[in-house]
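# Coordinate analysis (summary)
Listed here are the chains, written in short residue letters.
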Amino acid sequence: MSTLDEHLIPVFEEVVARNPGETEFHQAVREVLESLGPVVAKHPAYVNGEVLRRLCEPERQIIFRVPWVDDGGRIQLNRGFRVEFNSALGPFKGGLRFHPSVYLGIVKFLGFEQIFKNSLTGLPIGGAKGGSDFDPKGRSDAEVMRFCQSFMTELYRHIGEYTDVPAGDIGVGGREIGYLFGQYKRITNRYESGTLTGKGLGWGGARVRTEATGYGTVFFVKEMLAARGDSFDGKRVVVSGSGNVAIYAIEKVQQRGGRVIACSDSGGYVVDETGIDVELLKLVKNEHRGRMSDYAERRGATARFVSAGSIWEVPCEIALPSATQNELNGTDARRLIANGCGIVAEGANMPTTPEAVDFLRHAEVLFAPGKAVNAGGVATSALEMQQNASRDSWSFGYTEARLEEIMASIHQRCLETADEYGSPGDYVVGANIAGFTQVADAMLALGVI
Ligand code: NDP
């Protein structure tokens, strides 16, 4: 693990002391602080203005009870969260995650990352995240609806198009956003489209939002390749996960000439040397809410389902971890290096453990962090907010072109910033510093609030 600058050690120690047991949050803070040594050396105002200490403390944290009634008439109980982390650049913005692993530490790690990601997009959005320990898996549509209605019955008082704008994340897709928006509209008696993003196309949603995180991930990697005079052409790619991010990353890699030979879910992974059939994957996952084992069964002879082990055993030239946090560990990184992988770019948030990141960077594997790579989702959400504010609706082609430009500009900012601070080609340093300085400057300008 890298060391921290002497000015940053007390900041990190305070975070650990004030937020006991929140290991993912500590990990996310440390990962950012490790890049900031040269910045605080050059700009003492950030230390004197206590910007870092203030940045690590959320502006507001909301925890609430979510009671609901299941199909059997039993009362169920979950916990809801919204952490409004930083609004120096714009209204709080970030997704909601419904997964049994959700607790305050996960929401805070995601909210903290979101501040820098949103800043990198260059769009006027602050950072937030929320969710619940509710598990939508195996629940009927009616149960998911009742849960979402109860969740929104508390959350509605904290959000709004100028205040806080939630969206989807793990376990929250178009269906959940529909139920959440419906309840918000009913309680407030306002058709305030810009309050939630990821809406359906027929009722205020933006074209390309569904595809944006996966497509944006691939646009970012395309820039990484282009910077070295290379392209996706003929490359073997492994994408973990098979949810929203993974599916559209797979689709775009294949459109750009690469071959995705493996993807996964929490039950195992599929190797398909002829290339994953993305239309079949969408059918199995989105329409039937099925498993990778179902995909393998329907795909037939070319696909092999592996229920144990790690997807990172599959040799590839490009790896796009797109499932969940800490899914690619030191052993996986060593395997990827041994198998000749040249690029690891994070489609998910913090999927690579600190140990794995160290191995990859020392082995000179090009490594790009999620806050830059997967920023296309939130950037397109901000484009959805723009369309809602102007009562407009853009075409698919125009929106996709905007997304591609935004990803190219994030890539450029990362490289320029890394150069400026003496770490040429280092995407971690570039993303952290570029994301941080814009927020920090705004915080100084806005005074001690
Ligand atoms: P989804 O819920 O749509 O999909 C998550 C996928 O990851 C599922 O296939 C899930 O499988 C799989 N998964 C979860 N845990 C594991 C595991 N331990 N091993 C293997 N597979 C696993 O979520 P998204 O695609 O939306 O999100 C994926 C990641 O991308 C998250 O880190 C999220 O924060 C990040 N992200 C998402 C954005 C978005 O716009 N959606 C924007 C930016 C980042 P299973 O069904 O078995 O659980």
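Residues numbered from 1 in each chain as written. Predicted model: local features only at pLDDT ≥ 70, side-chain atom pairs only at ≥ 80, totals over all residues. Heavy atoms only, no water.

In terms of helices and strands, the protein chain carries 18 helices and 12 strands. Taken against the 2.2 N^0.38 rule, which gives 22 Å for 449 residues, the C-alpha radius of gyration of the protein chain at 21 Å falls within 12% of a compact globule. Dimensions of the protein chain, computed from the C-alpha atoms along their principal axes, are close to 60 × 55 × 45 Å. Buried positions account for 58% of the 449 residues belonging to the protein chain. In the protein chain, the share of contacts with a sequence separation of at least 24, taken over all contacts with a separation of at least 6, comes to 72%. (Helix = DSSP H or I, 4+ residues; strand = E, 2+ residues; numbered from the N terminus. Rg over C-alpha atoms; globule rule 2.2 N^0.38 Å. Buried < 20%, exposed > 50% of the residue type's maximum accessible area, 1.4 Å probe, protein only. Contact = heavy atoms within 4.5 Å.)

Let us look at helix α7 (residues 141–155). The end-to-end C-alpha distance of α7 is 21 Å, a good match for the 21 Å that 15 residues give at a rise of 1.5 Å each. Buried within α7 are the following residues: Glu143, Val144, Phe147, Cys148, Ser150, Phe151, Met152 and Leu155. The elements touched by buried residues of α7 are β1 (60–69), β2 (75–86), β3 (92–98), β4 (127–132), β5 (164–167) and α8 (174–188). (Expected span 1.5 Å × (residues − 1).)

If you check the shell around the ligand, you find 23 residues, and the closest are Asp169, Thr213, Ser266, Arg291 and Asn349. The fraction of the free accessible surface of the ligand (900 Å²) that becomes covered by protein chains is 83%. Those elements that place two or more of their residues in the shell around the ligand are α9 (209–226) and α10 (244–255). Looking at the shell around the ligand, its residues break down into 4 nonpolar, 12 polar and 7 charged. (Near = heavy atom within 4 Å. Areas by Shrake-Rupley, 256 points an atom, 1.4 Å probe, with all protein chains shown as cover. Nonpolar A, V, L, I, M, F, W, Y, C, P; charged D, E, K, R; others polar.)

In this section: the sheet that holds strand β11 (residues 343–345). Taken together, the 7 strands give an open sheet; going across it, the order is β9-β8-β7-β6-β10-β11-β12, and neighbouring strands pair in mixed fashion. Here the strands that pair on one side only, and so sit at the sheet edges, are β9 (303–306) and β12 (366–368). Each strand of the sheet is rotated relative to its neighbour by a mean of 15°, with strand direction disregarded. Here strand β6 (residues 236–239) runs beside strand β7 (residues 259–265); their pairing, made up of 3 bridges, is parallel. In the strand pairing of β7, Arg236 is matched with Arg259. (Pairing = 2+ DSSP bridges. Axes fitted to C-alpha atoms, helices over the stretch in contact; angles between N-to-C directions.)

Moving on, we come to the pattern of salt bridges. Tallying each qualifying case throughout the model produces 35 salt bridges. The partner of Glu34 in a salt bridge is Arg30, with the nearest N and O atoms 2.9 Å apart. Residue classification places Arg30 among the buried positions, given a relative accessible area of 18%. Measuring nitrogen to oxygen at the nearest pair gives 2.6 Å for the salt bridge that ties Glu404 to Lys222. Taken together, the positions of Glu404 in helix α17 (residues 396–420) and Lys222 in helix α9 put the pair 182 residues apart, joining distant regions of the chain. For Lys222, a relative accessible area of 23% corresponds to the partly exposed category. (Salt bridge = Lys/Arg side-chain N within 4 Å of Asp/Glu carboxyl O.)

For the rest of this paragraph, the subject is the side chain of Ser310. In this fold, Ser310 is placed in the loop between β9 and β10 (318–320). Polar contacts involving the side chain of Ser310 include one to the side chain of Asp332, which spans 3.0 Å. Residues within four places of Ser310 in sequence aside, it is in contact with Tyr269, Asp332 and Arg335. (Polar contact = N/O pair within 3.5 Å; in protein donor to acceptor, adjacent residues only side chain to side chain.)

A few words now on the packing of helix α16 (residues 376–389) against α17. Packing of α16 against α17 leaves a shortest axis separation of 10 Å and a crossing angle of 130°. By the angle between their axes, α16 is oblique relative to α17. For the pair α16 and α17, the crossing hand works out as right-handed. Across the interface between the two elements, Gly376, Ala379, Thr380, Leu383 and Gln386 from α16 touch Thr399, Arg402, Leu403, Ile406 and Met407 from α17. Of the residues that constitute the contact of α16 with α17, the class distribution is 5 nonpolar, 4 polar and 1 charged. (Parallel < 35°, antiparallel > 145°, perpendicular 65-115°, else oblique. Left-handed = near helix turned anticlockwise from the far one by under 90°.)

Okay, the domain arrangement of the protein chain next. Partitioning the protein chain into structural domains gives domain 1 (1–57 + 426–449), domain 2 (60–191) and domain 3 (212–364). Between the C-alpha centres of domain 1 and domain 3 there is a distance of 31 Å. Opposite the 9 residues of domain 1 that make contact, domain 3 presents 10 residues. In total, domain 1 and domain 3 occlude about 760 Å² of area from one another, counting both sides; carbon and sulfur atoms represent 56% of this. The tally of links between domain 1 and domain 3 comes to 1 salt bridge. Asp426 serves as the salt-bridge partner of Arg361, at 2.6 Å between the closest nitrogen and oxygen. One can count 2 residue pairs in polar contact (both at pLDDT 80 or more) joining domain 1 with domain 3. (Domains from an automatic or database assignment. Buried area = accessible area lost by both parts, 1.4 Å probe.)

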